[in-house]
Amino acid sequence: MIGKLNHVAIAVPDLDAATALYRQTLGAKVSDPLPQPAHGVMVVFVELPNTKIELLHPLGEKSPIAAFLEKNPRGGIHHVCYEVADINAAAAKMRADGKKVLGDVRTGAHGKPVIFLHPKDFNGTLVELEQA
Ligand code: CO
C-alpha cells in the first residue's frame, strides 16, 4: 500500500543551528524557515535527491511538538511520512486492521490529505500517511 518515503520530520530545539548543520556541515539544499501557524510549527525543508527532511520547531502556544521537545531536549525524529494513493482507503484499512488512527483525515503541511498513526502500533514511530 505505501509508496515513497515522502519525508522524515525531525524536531529541533534550535532551528538556526539545525539549518546550519544541514546546509554547511552536511552540504544539503536547505530552504528558509517557513511558518506554518495552522500546524503550530516553523519548518525548514531539506531537499535530498530521494526524499525530504523537515526540521520542525515549535511555533505559537499550542505547538504539537513542544511536548516532544520537552521529552527530547536535544531533538529527535518526530515522524516518518509515507505516500499512499488513496488516503480514505488507507485510513479504512488501518482501522480494519485495528490500528489507531489519530483523528480524521486532515490537510497536512503540504496541502495534501494526511492521517497520523499511533506510535504504539508502529514500533514506537509516529507515522504520517500522505495522499501523493
Ligand atoms: Co509530516
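Residues numbered from 1 in each chain as written. Predicted model: local features only at pLDDT ≥ 70, side-chain atom pairs only at ≥ 80, totals over all residues. Heavy atoms only, no water.

A.B. asks: So what exactly am I meant to see when it comes to the coordination of the cobalt ion here?
C.D. replies: Six octahedrally arranged donors around a metal ideally form angles of 90 or 180 degrees; four tetrahedrally arranged donors ideally form angles of 109.5 degrees. The protein atoms that coordinate the cobalt ion are His 7 (NE2), His 79 (NE2) and Glu 128 (OE), at distances of 2.0 to 2.1 Å. Look at where the donors of the cobalt ion fall in the sequence and you get H-x71-H-x48-E. Of this pair, His 7 sits in strand 1 (residues 5-11) while His 79 sits in strand 6 (residues 76-84), and the two are 72 residues apart along the sequence. We classify His 79 as buried; its relative accessible area is 6%. (Donors = N, O, S within 2.8 Å, 3.2 Å for Na, K, Ca; no water. Helix = DSSP H or I, 4+ residues; strand = E, 2+ residues; numbered from the N terminus. Buried < 20%, exposed > 50% of the residue type's maximum accessible area, 1.4 Å probe, protein only.)

A.B. asks: Hey, could you run me through the pattern of salt bridges in this one?
C.D. replies: Pairing between side chains of opposite charge can happen when their charged atoms approach one another. What the rule picks out here adds up to three salt bridges. A salt bridge links Lys 29 to Glu 47; its shortest N-O distance comes to 3.7 Å. Highlighted residues: Lys 29 in strand 2 (residues 29-30) and Glu 47 in strand 4 (residues 41-47), separated in sequence by 18 residues. In this structure, the salt-bridge partner of Lys 93 is Asp 97, at a minimum N-O distance of 3.0 Å. Exposure remark for Asp 97: the relative accessible area of 42% places this residue in the partly exposed category. (Salt bridge = Lys/Arg side-chain N within 4 Å of Asp/Glu carboxyl O.)

A.B. asks: What am I meant to see in the environment of Leu 55 here?
C.D. replies: The residue Leu 55 is located in strand 5 (residues 52-58) in this model. Between the alpha carbons of Leu 55 and Ile 10 there is a distance of 5.0 Å; along the sequence they are 45 residues apart. Discounting residues that sit within four places of it in the chain, Leu 55 has contacts with Ile 10, Val 12, Leu 15, Ala 18, Thr 19, Tyr 22, Met 42, Val 43, Val 44 and Val 46. (Contact = heavy atoms within 4.5 Å.)

A.B. asks: Could you clarify how one ought to interpret the nonpolar core in this entry?
C.D. replies: Membership of the largest hydrophobic core comes to 23 residues, with the highest contact counts inside it found for Leu 55 and Leu 129. It is helix 3 (residues 87-96) that contributes the most residues to this core, four residues altogether. Ranked by size, the runner-up nonpolar core spans nine residues in total, among them Ala 9, Val 43, Ile 65 and Phe 68. (Core = buried A, V, L, I, M, F, W, Y, C linked by side-chain atoms within 4.5 Å.)

A.B. asks: Any chance you could explain the pairing of strand 8 (residues 113-117) here in plain terms?
C.D. replies: Regular strands show a simple pattern: their side chains alternate between the two faces of the sheet. For strand 8, a buried count of four out of five residues is recorded, marking the element as mostly surrounded by other parts of the structure. Bridging between strand 7 (residues 101-107) and strand 8 involves four bridges; their strand directions are antiparallel. When the bridges of strand 8 are listed, Thr 107 appears paired with Pro 113. Taken together, the four bridges between strand 8 and strand 9 (residues 127-131) define a ladder with antiparallel strand orientation. In the sheet register, Leu 117 faces strand 9, and the bridge partner there is Val 127. (Pairing = 2+ DSSP bridges.)

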